[in-house]
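A structural walkthrough
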Amino acid sequence: MGERTMRERMLAGELYIADDPELGRELDRAAALSHRLNTMDPTDGAARRALLTELLGAFGTDSEIRPPFHCDYGYQTFVGARTFANFGLVSLDVATVTVGDDVQIGPNVQLLTATHPVAAGPRRDKWEAALPITIGDNVWLGGGVIVLPGVTIGDNTVVGAGAVVTRDLPANVVAVGNPARVIRQVEP
């Protein structure tokens, strides 16, 4: 068996260089579909839903993402049912981004799976990787929340506006700040 492509390495969660021709085509596809979404008639909900269904890995029943929306690949983002994302969602979906059912996402939220080496040499040589993000059911991410690579947020958790989530958050808590820290429990 020959050496794996950079796309195969990316999908396996390993270091890769984003110079793979197939990755380039997939980035272009997502950019074109996102551009269409972000410039279409905002009152045409059916067309927006069809485009998001084509772009994303999954787009649940009765979910909505208000444009503008930006992603790397699209097919690595999975959105559950009855989820609402307000204006300006960014899903850097180099690894999978899984968003549960009944999630509320405030404006300008960033879900960032991409990572880069800390060492200067590999970073200069353009090596990168990614770690998946998982958002549980019935989570509320306030405006401007940033979720970093590899983070899981448990069901029913609320993350306050502007928080930077650097590590996993359990279910049924309220977390705020930078880095986000749990300040109290919530009823499940």
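Quick note: structure is the one above.
To keep things clear, this report deals only with the structure shown in the data block. Keep in mind that what you see is a predicted model, and the values were worked out from it rather than measured.

1. A look at unusual backbone geometry
In terms of backbone geometry, most residues other than glycine have negative phi values and most peptide bonds are trans. Residue Pro 68 follows Pro 67 across a cis peptide bond; omega there is 5°. With respect to the helices, strands and loops of the structure, Pro 68 is situated in the loop between strand S3 (64-65) and strand S4 (69-71). Put simply, Asn 178 and Pro 179 share a cis peptide bond, and its omega is 0°. Inspection of the secondary structure puts Pro 179 in the loop between strand S19 (173-176) and strand S20 (181-185). Phi at Lys 126 takes a positive value of approximately 75°, unusual for a residue other than glycine. Structurally, Lys 126 is set in the loop between helix H4 (120-124) and strand S12 (127-130). Residues other than glycine seldom take positive phi values, yet Asn 156 does so here, at roughly 65°.

2. What to know about the side chain of Thr 157
On the secondary structure map, Thr 157 appears in the loop between strand S16 (152-153) and strand S17 (158-159). Within the structure, Thr 157 has its side chain in polar contact with the backbone oxygen of Pro 170 (distance 2.6 Å). The residues touching Thr 157, leaving out its near neighbours within four places in the chain, are Asn 138, Val 139, Trp 140, Leu 169, Pro 170, Ala 171, Asn 172 and Val 173.

3. Comments concerning the pairing of S12
In the sheet, strand S1 (residues 16-17) pairs with S12 via two bridges, with the strands oriented antiparallel. Along S12, the bridge assignment pairs Ile 17 with Trp 127.

4. Comments concerning the pattern of salt bridges
Two side chains with opposite charge may pair up if their charged atoms get near one another. According to the stated counting rule, one finds six salt bridges in the structure shown. A salt bridge links Arg 66 to Glu 64, with the shortest nitrogen-to-oxygen separation between them at 3.8 Å. Judged by its relative accessible area of 29%, Glu 64 falls in the partly exposed class. We note a salt bridge from Arg 82 to Asp 102, for which the minimum N-O separation is 2.8 Å.

5. Digging into the sheet that holds strand S15 (residues 146-147)
If you walk across this open sheet you meet the five strands as S4-S7-S10-S15-S18, and the pairing is parallel. Each having just a single partner strand, S4 and strand S18 (164-165) make up the two edges of the open sheet.

6. As for the pairing of strand S7 (residues 89-92)
Only one face of S7 is covered, namely the face carrying Leu 89 and Ser 91; the face carrying Val 90 and Leu 92 is uncovered. One ladder, built from three bridges, connects S4 with S7; its direction is parallel. Looking at S7, one finds that Cys 71 is bridged to Ser 91. Here three bridges tie S7 to strand S10 (residues 110-112), and the two strands are oriented parallel to one another. Bridge assignment links Leu 92 to a residue of S10, and that residue is Leu 112.

7. Quick look at the nonpolar core
Core analysis: the largest hydrophobic core is formed by 34 residues, its most contacted members being Leu 111, Leu 141, Val 147, Ile 153 and Val 165. Elements with a contribution of two residues or more to this core: helix H2 (21-39), helix H3 (45-55), S4, strand S8 (97-99) and strand S13 (133-135). Each residue touching Val 147, except ones within four places of it in the same chain, is listed here: Gln 110, Leu 111, Leu 112, Ile 133, Leu 141, Ile 153 and Val 165. The next biggest cluster of nonpolar side chains, apart from the first, holds nine residues, and it includes Met 6, Met 10, Ile 17 and Tyr 73.

8. Some points on the packing of H2 against H3
In contact at an axis separation of 10 Å, H2 and H3 are set at 165° when each is read in the N-to-C sense. Judged on the interaxial angle alone, H3 and H2 are roughly antiparallel. Judged by the twist between their axes, the crossing of H2 over H3 is left-handed. Contact residues: H2 offers Arg 29, Ala 30, Leu 33, Ser 34, Arg 36 and Leu 37, while H3 offers Arg 48, Leu 51, Leu 52, Glu 54 and Leu 55. For the contact of H2 with H3, the residue count by class is six nonpolar, one polar and four charged.

What counts, and at which threshold
- Residue numbers restart at each chain and count upward from 1, following the sequence in its written direction.
- Totals for whole chains, interfaces and linings use all residues, but because this is a predicted model, local features are given only for residues with pLDDT of at least 70 and pairs of side-chain atoms are given and counted only at 80 or more.
- Side-chain descriptors were evaluated using all non-hydrogen atoms of the structure, hydrogens and water having been removed beforehand.
- Runs of H or I in DSSP of at least four residues are treated as helices and runs of E of at least two as strands, each being numbered from the N terminus.
- Identification of polar contacts relies on pairs of N or O atoms within 3.5 Å, with a donor-acceptor requirement for protein atoms, meaning one able to donate a hydrogen and the other able to accept it, and with residues adjacent in sequence counted only if both atoms are side-chain atoms.
- Working rule for contacts: check all heavy atoms of both residues, and any pair within 4.5 Å makes them a contact.
- If DSSP finds at least two bridges between two strands, the strands pair.
- In the sections that follow, a salt bridge refers to a side-chain nitrogen of Lys or Arg positioned within 4 Å of a carboxyl oxygen of Asp or Glu.
- Type-normalised accessible area, obtained with a 1.4 Å probe on protein chains alone, sets the label of each residue: buried when under 20%, exposed when over 50%, and partly exposed for intermediate values.
- Think of a nonpolar core as a cluster: buried Ala, Val, Leu, Ile, Met, Phe, Trp, Tyr and Cys residues, connected wherever their side-chain atoms sit within 4.5 Å.
- Each axis is a line fitted through C-alpha atoms, and for a helix only the stretch in contact is used; angles between axes span 0 to 180 degrees, taken between their N-to-C directions.
- These descriptions rest on fixed angle ranges, namely under 35 degrees for roughly parallel, over 145 for roughly antiparallel, 65 to 115 for roughly perpendicular, and the rest for oblique.
- Left-handed describes a crossing whose near helix is turned anticlockwise from the far helix through less than a right angle; right-handed describes the clockwise counterpart.
- The classification used treats Ala, Val, Leu, Ile, Met, Phe, Trp, Tyr, Cys and Pro as nonpolar, Asp, Glu, Lys and Arg as charged, and all other residues, Gly among them, as polar.

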